[in-house]
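Take a look at the letters that make up each chain.
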Amino acid sequence: MTNFREIFNPSYNFIGLLFIALFIMIILLLNKNILYCLKIIGKTFLVSGIITLILDGLVYLGLDMVLISYYKIIIQVITNNVLKNCLYYSLASIIIGIILIISTNIMKKNA
C-alpha cells in the first residue's frame, strides 16, 4: 500500500526554501541597487503569499463540496498535510514580504 504521508511529507519543503534563499543571495550579490532589489523581493513574497492563501482557501472549500464520501478517506490524508502547510507558508511569505517592504521604505527615508 502506498504511504501518502511519506510522499507528501512537509519536511521536504525545506529543500525548496533553501533554494529560494540561495537565489535571493545570488540576486543580492549581483545587483548594485540593494534597496530596490529587496523591495521587489518583498513584493514578490507578498503577492505569492496572497495568491497561495487564496488558492488554499478555494481548494479547501471545493474539496468538501466535490468529493464523494469514500474518496475523502484517500484525499484527506494528502489535503491535511498539504493545505495546512500551504497555509503556514503563505502566512510566513506574507509576513516576510511586509517586513521587507517596510524595512526598505524605512532605509530609503533614512538614506
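Since the structure is predicted, the reported quantities are computational estimates derived from the model, not experimental observations. (Residues numbered from 1 in each chain as written. Predicted model: local features only at pLDDT ≥ 70, side-chain atom pairs only at ≥ 80, totals over all residues. Heavy atoms only, no water.)

Novice: Would you explain the overall build of the protein chain in this entry?
Specialist: Each helix and strand in the protein chain was counted, giving four helices and zero strands. When the accessible surface of the protein chain is summed, it comes to about 8,500 Å², and 75% of that surface belongs to carbon and sulfur atoms. (Helix = DSSP H or I, 4+ residues; strand = E, 2+ residues; numbered from the N terminus. Areas by Shrake-Rupley, 256 points an atom, 1.4 Å probe, with all protein chains shown as cover.)

Novice: I keep staring at a nonpolar patch on the surface and nothing clicks. Help me out?
Specialist: Side chains of Ile15, Phe19, Leu22, Phe23, Ile26 and Leu30 sit close together on the surface and give an oily, nonpolar patch of about 630 Å² of accessible area. Among the structural elements, Phe19 can be located in helix H2 (residues 13-30). Among the residues examined, Phe19 registers a relative accessible area of 47% and is labelled partly exposed. (Patch = residues over 30% accessible without salt bridge, like charges linked within 9 Å, V, L, I, M, F, W, Y side chains within 5 Å. Salt bridge = Lys/Arg side-chain N within 4 Å of Asp/Glu carboxyl O. Buried < 20%, exposed > 50% of the residue type's maximum accessible area, 1.4 Å probe, protein only.)

Novice: Explain the confidence of the model for the protein chain here, please?
Specialist: When pLDDT drops low, the exact placement of atoms in the prediction is not to be read closely. Looking at the protein chain as a whole, the pLDDT averages 80, with 77% of positions reaching at least 70. Across the protein chain, helix H3 (residues 34-66) holds the top mean pLDDT of 85, while helix H1 (residues 4-7) sits lowest at 58. (pLDDT = per-residue confidence, 0-100.)

Novice: Help me understand the side chain of Ser93, please; the structure alone is not making it clear to me.
Specialist: Among the structural elements, Ser93 can be located in helix H4 (residues 69-110). The buried category is assigned to Ser93, whose relative accessible area is 11%. Within polar-contact distance, the side chain of Ser93 engages the backbone oxygen of Phe45 at 2.6 Å. (Polar contact = N/O pair within 3.5 Å; in protein donor to acceptor, adjacent residues only side chain to side chain.)

Novice: What's the story with the nonpolar core in this structure? I'm lost.
Specialist: In this structure, Ile24, Cys37, Leu38, Ile41, Phe45 and Leu100 together form the largest nonpolar core, which totals six residues. Among the elements that take part in this core, H3 stands out by supplying four residues, more than any other. In this structure Leu100 touches Leu38, Ile41, Gly42 and Phe45, once residues within four positions along its chain are discounted. (Core = buried A, V, L, I, M, F, W, Y, C linked by side-chain atoms within 4.5 Å. Contact = heavy atoms within 4.5 Å.)

Novice: What am I meant to see in the environment of Asn105 here?
Specialist: With respect to the helices, strands and loops of the structure, Asn105 is situated in helix H4. Take Asn105: its relative accessible area is 29%, and that puts it in the partly exposed class. As a C-alpha pair, Asn105 and Tyr36 span 69 residues in sequence and 9.8 Å in three-dimensional space.

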